[in-house]
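Examining the three-dimensional arrangement
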Amino acid sequence: MFALAVSRARAALVLTSVANVDEQPSSLLRLIPDAPLDPGTGRMPLTLRGMVGALRRELAGNPGSPASAALARLREERVPGADPATWYGVLAPSTDLPLADLEDPETRVTVSPSRLATVEKSPLGWFVDVMAASPSGIAASIGTVLHAAMEKLSLTPGADLSAQAVMAAVDERWNEFSFESPWVEEYERRRTTRLAEGLADYLSAFDRDGHRLLGAESGFEFDVGPARVRGTIDRVELTRDGALVIVDLKTGRRWPTKDELPEHAQLGLYQLAAASGALEGLPEQAAPGAPSSSSSRTAWAGGCSARPRRRPSARRRSSRSGRA
């Protein structure tokens, strides 16, 4: 839209913007070379937090600005953010020692299976996420409620496994969500209904095929070198032929492709948990080392679809895809 508007100008191009406590000029203004910007009246924000931020921005652009005296006055009054000692990047690092001494045989670094892919992609990103995780979005919150609905229905003998029953369980907690507008709520409601239909299809097929549920939201913990793997598996199932199936329900907009499954870090750790005996309550025929354990597999359920992957057996891997 910006490019279209600029292309229509014949004699003059006028750009305007708003800057206040809640709004700031668009970054598109930076695309105009040598464009003189009229700051307008430039009134100082009416909140202490906003005033500190404005003064710090002014001081960063002009070290000789009177903003330094104003910040010093605010620091005397102990206004948060006015003291330079609290500014990010000003102080020297408190230590340059490693976060964990991996040479110490007693060292254990907790690793979550769901975050292992982040560790492989960016160790720094993983550390920041663990130390200062950002609030989860509405999609993740709805996913948590869907997981709870699956657990509730799975552990209730003779439960109704229809999509209506899944949505009824979701509705019990729907008022926990806060939406920006009615249309956003309607959109998320429709998306959640589609996911509930896929979940109902999976649970109904599981019950119809006569499989057995060994655990729901099963926690596990085991060590691999200095790493302590700790997590929770959505479902641990046993098929009629004695195959152990680990199900990880995903409610996001994307799930692993067939080519990604053999190297999927999270699913691999779930398989390792089963192979290392970290899962409690497994029947003898499904326990690690049993004859049927070589047929154990991991299934990925994503909305209306599921993609299973067999645990490596005799140095052979296989995968398939189908409808849940």
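Everything below is about the structure shown above.
My aim in this report is to walk through the structure given alongside it, one point at a time.

Some thoughts on helix H7 (residues 163-171)
The set of residues buried in H7 consists of Ala163, Ala165, Val166, Met167, Ala169 and Val170. Those residues of H7 hidden inside the fold are in contact with helix H6 (138-154) and helix H8 (182-208).

Comments concerning the nonpolar core
Generally speaking, nonpolar side chains in soluble globular proteins are found buried as a group. Grouped together as the largest cluster of nonpolar side chains are 25 residues, with contacts concentrated most on Leu146, Val166, Val170, Trp174, Phe177, Leu199 and Leu203. Residue assignment for this core shows that the elements contributing at least two residues are H6, H7, H8 and strand E4 (244-250). Take this core: its biggest share by element is seven residues, from H8. Ignoring any residue separated from it by four or fewer positions in sequence, one finds leucine 146 in contact with Val166, Val170, Thr192, Leu195, Leu199 and Thr251. Ile233, Leu244, Ile246 and Leu261 belong to the second largest nonpolar core, which has 19 residues in total.

Some words on the packing of aromatic side chains
Taken as a whole and assessed by the stated rule, the structure comprises five aromatic pairs. Ring centres 6.1 Å apart and planes at 25° place the aromatic pair phenylalanine 220 and phenylalanine 222 in the stacked group. When its relative accessible area of 9% is taken as the criterion, phenylalanine 222 is described as buried. When the centroid spacing of 6.1 Å and the interplanar angle of 85° are considered together, the rings of phenylalanine 220 and tyrosine 270 count as edge-to-face. Separated by 50 residues along the polypeptide, phenylalanine 220 in strand E2 (residues 212-224) and tyrosine 270 in helix H9 (residues 265-275) bring together distant segments of the chain. The pair phenylalanine 220 / tyrosine 270 is uniform in exposure class, with both members buried. In this structure, arginine 189 packs its charged tip against the face of tryptophan 174, placed 5.1 Å from the ring centre. Positioned over the ring face of phenylalanine 206 is arginine 235, at 4.7 Å from the centre of the ring.

Section: the pattern of salt bridges
This structure, assessed with the given rule, holds 12 salt bridges. We note a salt bridge from arginine 173 to glutamate 176, for which the minimum N-O separation is 3.1 Å. Here arginine 173 falls in the partly exposed class, since its relative accessible area comes to 29%. Its relative accessible area of 48% is what places glutamate 176 among the partly exposed residues. Of the charged contacts, one joins glutamate 221 and arginine 228 as a salt bridge, the two residues approaching to 3.9 Å between their closest N and O atoms. The exposure class of glutamate 221 is partly exposed, given its relative accessible area of 41%. What makes arginine 228 partly exposed here is its relative accessible area of 24%. Bridged by salt links that share partners, the residues Arg108, Glu221, Asp223, Arg228 and Arg230 form one connected network.

So, the packing of H6 against H7
When two helices pack together, you describe them by how their axes are tilted relative to each other and by the distance separating the axes. One can describe the packing of H6 onto H7 by two numbers: an axis separation of 9 Å at closest approach and a directional angle of 120°. Relative to H7, the element H6 lies oblique. Crossing handedness for the pair H6 and H7: right-handed. For the pair H6 and H7, contact is made by Val145, Leu146, Ala149 and Leu153 and by Ala165, Val166, Ala169 and Val170, respectively. Looking at the contact of H6 with H7 residue by residue, the classes come out as eight nonpolar, no polar and no charged.

What counts, and where the lines are drawn
Residues numbered from 1 in each chain as written. Predicted model: local features only at pLDDT ≥ 70, side-chain atom pairs only at ≥ 80, totals over all residues. Heavy atoms only, no water. Buried < 20%, exposed > 50% of the residue type's maximum accessible area, 1.4 Å probe, protein only. Helix = DSSP H or I, 4+ residues; strand = E, 2+ residues; numbered from the N terminus. Contact = heavy atoms within 4.5 Å. Core = buried A, V, L, I, M, F, W, Y, C linked by side-chain atoms within 4.5 Å. Phe/Tyr/Trp six-rings, centres within 6.5 Å; stacked < 30°, edge-to-face > 60°. Lys NZ or Arg CZ within 6 Å of the ring centre and 35° of its normal. Salt bridge = Lys/Arg side-chain N within 4 Å of Asp/Glu carboxyl O. Axes fitted to C-alpha atoms, helices over the stretch in contact; angles between N-to-C directions. Parallel < 35°, antiparallel > 145°, perpendicular 65-115°, else oblique. Left-handed = near helix turned anticlockwise from the far one by under 90°. Nonpolar A, V, L, I, M, F, W, Y, C, P; charged D, E, K, R; others polar.

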